[in-house]
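Each chain, letter by letter, is given below.
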Amino acid sequence: MDADHGGRAGSEKKGAWPEVKSHPDTGPDGGPDAAAPSPDGGDSRADADAVPHGIPDAAPDGGIPAGAGPTDCLDPGAGTGPAVRRTGAGIAALSLPYQIVAALALSVIGLLVCGHLAMVFLHVAPSNTLTKQHGEAVDDWIYPEFEQNWKLFAPNPLQQNIYVHVRAEVAGVDGRTTTRWMSLTHEDGEAIRGNPLPSHVHQNELRRAWDFYTGSHTNENRPNGLRGELSERYIRRIVMLRLSERDYGGTVERIQVRSAVRAVGAPPWSDEKISTEPSYRVLPWWTVTSADLPAKAGEDQASHGEEAEK
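Note that the structure is predicted; figures quoted are calculated from it, not measured. (Residues numbered from 1 in each chain as written. Predicted model: local features only at pLDDT ≥ 70, side-chain atom pairs only at ≥ 80, totals over all residues. Heavy atoms only, no water.)

### Describing the pairing of strand β4 (residues 250–263)
Step number 1: By the bridge criterion, 13 bridges tie strand β1 (residues 160–172) to β4 in an arrangement that is antiparallel. Within the sheet, the bridge partner assigned to Val170 lies in β4 and is Val252.
Step number 2: Taken together, the 2 bridges between β4 and strand β6 (residues 286–287) define a ladder with antiparallel strand orientation. Within β6, the position partnered with Arg254 by the bridge is Thr287.
Step number 3: Note: β4 against strand β5 (residues 279–282), 4 bridges, orientation antiparallel. Bridge pairing in β5 links Val261 to Ser279. (Pairing = 2+ DSSP bridges. Helix = DSSP H or I, 4+ residues; strand = E, 2+ residues; numbered from the N terminus.)

Spelled out as structure tokens, the structure:
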């Protein structure tokens, strides 16, 4: 008996298994412990207390004993609460078909982003072999939505103040009259000045449209192909959209646009002499058509025309 207890005690000190004792006054069924003495005269209750049921003796070297089940090797310090099942996150949490669809979608998006960045890089990069061979494909991708007005390694900041003016020929009750020159750029500037969140339209629409026009026309205002015609229609629609907000007492039949360009003056500390006198570029008169009008203004003008015919 003593040897047996001594061997068990030694194994408990060497092994990794905690001592688990049942309540001394209760048995497995919750009642009084009625364990009888063991045949060798020992206390079977003491034996049950020393060796918990279901937990094997530790191995001689203190490691995991042979034949131990999954529940026998739980970390004693992990607590006795319910086990937490770890699940995957992100795409791994989806079923296989959805994982395949998500992987394909991410691949397509990645390829599009890489292709777009490559096209923009070739557009702003200096002339090279790729741009000479595939320049048309690059331009088709970039224009007009992703156009850049600068070149890589050689930025060209604006050094001029450009104002776009317009005047209109109005047919009213008293005959035809011509309005004064109005500065559309000045109106955009007033909408931006003092506004903490200025509109993208007021900042860039007119300016980029005028750059588009001048870059696709000759100095004699002749269009360079299809892009020149497109830029002209774009300018006419912007102008008529602005004029439709005013009431001139008649119908706008013709419009004329011009630009006034002033060089930015030199700073006070500079000795550079720069002329700030404006230079003008006057475009020919354009006859307004229904394609140049906003939707509501076009309907109103069509109704006025029908009434005049009657």
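Once you've had a look at it, read on.
### Overview of helix α4 (residues 129–142)
Step number 1: Taking 1.5 Å per residue, 14 residues should reach 20 Å; α4 reaches 18 Å between its end C-alpha atoms and fits that length.
Step number 2: Approximately 75° is the largest bend angle found in α4, and it occurs at Gly135.
Step number 3: All buried positions along α4 are accounted for by Thr131, Gly135, Val138 and Ile142.
Step number 4: The opening residue of α4, the one whose side-chain oxygen lies 3.0 Å from the backbone nitrogen of Leu130, is Asn128. (Expected span 1.5 Å × (residues − 1). Bend = angle between axes of the 7 residues up to and from the residue. Buried < 20%, exposed > 50% of the residue type's maximum accessible area, 1.4 Å probe, protein only. Polar contact = N/O pair within 3.5 Å; in protein donor to acceptor, adjacent residues only side chain to side chain.)

### Considerations on the packing of helix α5 (residues 184–192) against helix α6 (residues 200–215)
Step number 1: In the contact formed by α5 and α6, the axes pass within 9 Å of each other and the chain directions differ by 160°. It follows that α5 is roughly antiparallel to α6 by the angle criterion. Considering the relative orientation of α5 and α6, their crossing is left-handed. Contacts between α5 and α6 pair Leu184, Thr185, Asp188, Ala191 and Ile192 from the former with His202, Gln203 and Leu206 from the latter.
Step number 2: Here the residues of the contact of α5 with α6 sort into 4 nonpolar, 3 polar and 1 charged. (Axes fitted to C-alpha atoms, helices over the stretch in contact; angles between N-to-C directions. Parallel < 35°, antiparallel > 145°, perpendicular 65-115°, else oblique. Left-handed = near helix turned anticlockwise from the far one by under 90°. Contact = heavy atoms within 4.5 Å. Nonpolar A, V, L, I, M, F, W, Y, C, P; charged D, E, K, R; others polar.)

### A closer look at the environment of Tyr248
Step number 1: Within the element layout of this structure, Tyr248 appears in the loop between α7 (226–243) and β4.
Step number 2: For Tyr248 and Val170, which are 78 residues apart along the polypeptide, the C-alpha to C-alpha distance reads 7.1 Å.
Step number 3: Tyr248 has contacts with Val170, Thr179, Met182 and Leu243, leaving out every residue within four places of it along the chain.

### Some details on the nonpolar core
Step number 1: Counting 22 residues, the largest nonpolar core has Ile235, Val239, Leu243, Val252, Ile255 and Val257 as its most contacted members.
Step number 2: Looking at this core, the elements that each hand over two or more residues are β1, α6, α7 and β4.
Step number 3: By residue number, the principal contributor to this core is α7, which donates 5 residues. (Core = buried A, V, L, I, M, F, W, Y, C linked by side-chain atoms within 4.5 Å.)

### Structural notes on the packing of α6 against α7
Step number 1: Here α6 crosses α7 at 150°, and the two axes come no closer than 9 Å. Taken together, the axes of α6 and α7 lie roughly antiparallel to each other. In the packing of α6 onto α7, the handedness of the crossing is left-handed. Between α6, through Glu205, Leu206, Ala209, Trp210, Phe212 and Tyr213, and α7, the contact on the second element is made entirely by Arg227, Leu230, Ser231, Glu232, Tyr234, Ile235, Ile238 and Arg242.
Step number 2: Its residues assigned to classes, the contact of α6 with α7 comprises 9 nonpolar, 1 polar and 4 charged.

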